[in-house]
Amino acid sequence: MTSPTTTPVERDEAAAATIRRHHEHLVAELETLVAALGTALGTAPGTRGTDPGEASGSAKARLVDWARTSLAPHAAGEETTFYRTAAGTEAGHLLVAALVAEHGVILGIVDAIEASTEPAATAGWAEALLRVFTSHAAKENDLVLPLLVADPGANLEALLEEMHHEVH
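Conventions used here
- Residues numbered from 1 in each chain as written.
- Predicted model: local features only at pLDDT ≥ 70, side-chain atom pairs only at ≥ 80, totals over all residues.
- Heavy atoms only, no water.
- Helix = DSSP H or I, 4+ residues; strand = E, 2+ residues; numbered from the N terminus.
- Buried < 20%, exposed > 50% of the residue type's maximum accessible area, 1.4 Å probe, protein only.
- Contact = heavy atoms within 4.5 Å.
- Areas by Shrake-Rupley, 256 points an atom, 1.4 Å probe, with all protein chains shown as cover.
- Lys, Arg positive; Asp, Glu negative; His and termini not counted.
- Charge placed at Lys NZ, Arg CZ, Asp CG, Glu CD.
- Axes fitted to C-alpha atoms, helices over the stretch in contact; angles between N-to-C directions.
- Parallel < 35°, antiparallel > 145°, perpendicular 65-115°, else oblique.
- Nonpolar A, V, L, I, M, F, W, Y, C, P; charged D, E, K, R; others polar.
- Core = buried A, V, L, I, M, F, W, Y, C linked by side-chain atoms within 4.5 Å.

## What about the overall build of the protein?
Secondary structure assignment for the protein yields 6 helices and 0 strands. Ordered by position from N to C terminus, the α and β elements of the protein give α-α-α-α-α-α. Referenced to the eigenvectors of the C-alpha coordinate spread, the extents of the protein come out at roughly 60 × 30 × 25 Å. Relative to its 168 residues, the protein shows a buried fraction of 40%. Contacts in the protein between residues far apart in sequence, at least 24 positions, make up 73% of those at least 6 positions apart. When the accessible surface of the protein is split by element, carbon and sulfur atoms take 60% of a total near 8700 Å². If you average the places of the 10 positive and of the 24 negative side-chain charges in the protein, the two averages end up 6 Å apart.

## Overview of the environment of A36
You can see A36 is positioned in helix α1 (residues 8-41). Taking relative accessible area as the criterion, A36 reaches 32% and is therefore assigned partly exposed. C-alpha separation for the pair A36 and G88, spaced 52 residues apart in sequence, amounts to 40 Å.

## A closer look at the side chain of H23
Topologically, H23 is positioned in helix α1. Look at H23 and you get buried, because its relative accessible area is 2%. Not counting residues within four places of it along the chain, the set of residues in contact with H23 comprises H74, E78, A137, E140 and N141.

## Comments concerning the packing of α1 against helix α5 (residues 119-150)
Across the interface, α1 lies against α5 with an axial gap of 10 Å and an inter-helix angle of 175°. It follows from the interaxial angle that α1 and α5 lie roughly antiparallel. Considered class by class, the residues forming the contact of α1 with α5 number 20 nonpolar, 4 polar and 6 charged.

## A word on the nonpolar core
Counting 24 residues, the largest nonpolar core has L30, L63, W66, I113, L129 and F133 as the members making the most contacts within it. Formed by 19 residues, the second largest nonpolar core is a distinct cluster that contains A15, I19, F82 and V96.

## Considerations on the environment of G92
Structurally, G92 is set in the loop between α3 (82-87) and α4 (93-115). When the C-alpha atoms of G92 and L143 are compared, they prove to be 8.8 Å apart, with 51 residues separating the residues in sequence.

Nothing here speaks to function; it is geometry throughout.
Structural data, given as structure tokens:
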């Protein structure tokens, strides 16, 4: 919570910093999961898959489960809070439309990982997921958050609280 002497811009900057840290955490989790999958598949540099069936299946399941239980709810929460507010601005409506479409791409990649039966293809899809999501989070951090901080009608702290209630 903010103090009574905190300005709306300071409040929103603090909320934006919290959101950026969360995005960094999500990217780091995804990096770990993709690396573990690459190791299990034997596609990571300097590795050979020791048990391509069971180990890679388990690593793939962890990645897909994380995407469905952490990443997908996060994306849905963004759409109903931050994106909804940003879409109401002249500068934000096309950006938000593109980011919502990108959520579909990200979830489509998760489906492709889940359906993939070839180790090289699975590893390729996982790497694609990491790259697309990393780029996506950067767009949110560098474009959406500054847009919301600059909008005097947006209360990023309240939107963050609303998102937490929706996601958890």
